[in-house]
Amino acid sequence: MKCPKCKNVDLKPTKLEDGLPVMGCPECEGSVLSLLYYRDWAERTAAVDKVEDMSGDVSVDSDTATALSCPKCSKLMTKFSIASQHKNRIDLCGFCDEAWLDGSEWTLLKSLELAHKLPKVFTDHWQKSIRGQKMEAIKVERLKKIVGQADTEKAVEIKDWLKHHDDKAAILQFIGSD
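Residues numbered from 1 in each chain as written. Predicted model: local features only at pLDDT ≥ 70, side-chain atom pairs only at ≥ 80, totals over all residues. Heavy atoms only, no water.

1. So, the nonpolar core
Put simply, the test is: By nonpolar core we mean a set of buried residues, namely Ala, Val, Leu, Ile, Met, Phe, Trp, Tyr and Cys, connected to one another through side-chain atoms within 4.5 Å. When a residue's accessible area, from a 1.4 Å probe over protein chains only, is under 20% of the maximum for its type it is buried; when over 50% it is exposed; and in between it is partly exposed. By definition, any uninterrupted DSSP run of H or I lasting at least four residues is a helix, any uninterrupted run of E lasting at least two residues is a strand, and each is numbered from the N terminus. In this description, contact between two residues means that some pair of their heavy atoms is separated by no more than 4.5 Å.
Counting 22 residues, the largest nonpolar core has Tyr-38, Ile-90, Trp-106, Leu-109, Leu-118 and Phe-122 as the members making the most contacts within it. For this core, the secondary-structure elements that each account for two or more residues are strand S2 (20–24), helix H1 (35–45), strand S5 (89–93), strand S6 (98–101), helix H2 (105–111) and helix H3 (118–121). Ranked by residue count, the leading element in this core is H1, at four residues. Leaving out residues up to four positions away in the same chain, Leu-118 has contacts with Leu-33, Leu-35, Tyr-38, Ile-90 and Leu-109. In this structure, Cys-3, Val-9, Leu-11 and Cys-70 belong to the second largest nonpolar core, which totals eleven residues.

Structural data, given as structure tokens:
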């Protein structure tokens, strides 16, 4: 199998974790992860799951911008966002059930405590939630440009307070009555 990112580099057997084999690229350090092997590893290690100390902000910007071809079947892989605050996306072949992890994306998944929850990332619910979070962040940034940092923080605080308030409608009606 050839690396889907480097195109002409042969993938070599390696491991992401003890008991989690992958085919890795020696050039770009990406990995093809079989979700069959992943699920087996996740079940075997779930009881001993411990979060390693990942102090500091993990920044991984090696995401492939273009669509990748599955190294197994050559069909295009679909990109799935990991988290709203990160640009990285995991590529998944829906035909082979193989995922491509760029460079240090496994480290990113571990830092976000998603290493044992990888299949959730591929769900519509997860992707919809991330899109919502990204849209909210865009709205906050837009408001910040208009009213400034301090007023934006206050507006976000009020919005969060109102979100689950029992009398939200009455409060909004009062505010809008001016």
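The discussion continues.
2. Topic: the packing of helix H4 (residues 124–147) against helix H5 (residues 149–163)
Quick reminder of the rule: Where helices are involved, their axes are fitted lines through C-alpha atoms of the stretch in contact, as for all axes, and angles between N-to-C directions lie from 0 to 180°. Oblique is the label for any angle not under 35 degrees, not over 145, and not in the 65 to 115 range, which are roughly parallel, roughly antiparallel and roughly perpendicular in turn. Crossing handedness: left-handed means the near helix sits turned counterclockwise from the far one by under a right angle, and right-handed means the same turn made clockwise.
Between H4 and H5, whose axes approach to 7 Å, the crossing angle comes to 135 degrees. One element, H4, and the other, H5, form an angle in the oblique class. Between H4 and H5 lies a crossing whose hand is right-handed. Together, Glu-136, Val-140, Leu-143, Lys-144 and Val-147 of H4 and Gln-149, Asp-151, Thr-152, Ala-155, Val-156 and Lys-159 of H5 make up the contact between the two elements.

3. Here we look at the pattern of salt bridges
For clarity, the cut-off: Salt-bridge detection follows one rule: a side-chain nitrogen of Lys or Arg within 4 Å of a carboxyl oxygen of Asp or Glu.
This structure, assessed with the given rule, holds ten salt bridges. One salt bridge in this structure joins Lys-72 and Glu-98, with 3.0 Å as the shortest N-O distance. Within this pair, whereas Lys-72 is found in the loop between H1 and strand S4 (78–81), its partner Glu-98 is found in strand S6, the two being separated by 26 residues in sequence. Taking the relative accessible area as the measure of exposure, Lys-72 reaches 52% and is therefore exposed. Each of Glu-136, Lys-139 and Lys-159 takes part in salt bridges that share partners, so that together they form one network.

4. Some details on the side chain of Asp-91
Threshold: Distance and chemistry together define a polar contact, namely a pair of N or O atoms within 3.5 Å, with one atom able to donate a hydrogen and the other to accept it when in protein, and with adjacent residues in sequence counting only for side-chain atoms on both sides.
Along the chain, the position of Asp-91 falls in strand S5. A distance of 2.7 Å separates polar atoms of two side chains, one belonging to Asp-91 and the other to Lys-79. Look past the residues within four positions of Asp-91 in its chain and what remains in contact with it is Leu-68, Met-77, Thr-78, Lys-79, Glu-98, Ala-99, Trp-100 and Asp-102.

5. With respect to the sheet that holds S2
Note the cut-off: What makes two strands pair is DSSP finding at least two bridges between them.
One open sheet accounts for six strands, arranged S1-S2-S3-S6-S5-S4; its pairing is antiparallel. At either margin of the open sheet sits one strand with a lone partner, and together these are strand S1 (12–17) and S4. Sheet twist, expressed as the average angle between the axes of neighbouring strands with direction ignored, equals 35 degrees. Relative to S6, strand S3 (residues 31–34) is paired through four bridges, and the arrangement is antiparallel. In the strand pairing of S6, Val-32 is matched with Trp-100.

6. Some remarks on the side chain of Thr-45
Its location among the elements puts Thr-45 in helix H1. For Thr-45, a relative accessible area of 15% corresponds to the buried category. A distance of 2.8 Å separates the side chain of Thr-45 from the backbone oxygen of Trp-41, its partner in a polar contact.

7. Remarks on the confidence of the model for the protein chain
This is how the line gets drawn: How sure the predictor is of each residue is captured by pLDDT, a score from 0 to 100.
Averaged over all residues, the pLDDT of the protein chain equals 89, while 90% of them reach at least 70. In this model residues 49–58 is a low-confidence stretch, pLDDT under 50, and it forms eleven contacts with partners more than four residues away in sequence or in other chains.

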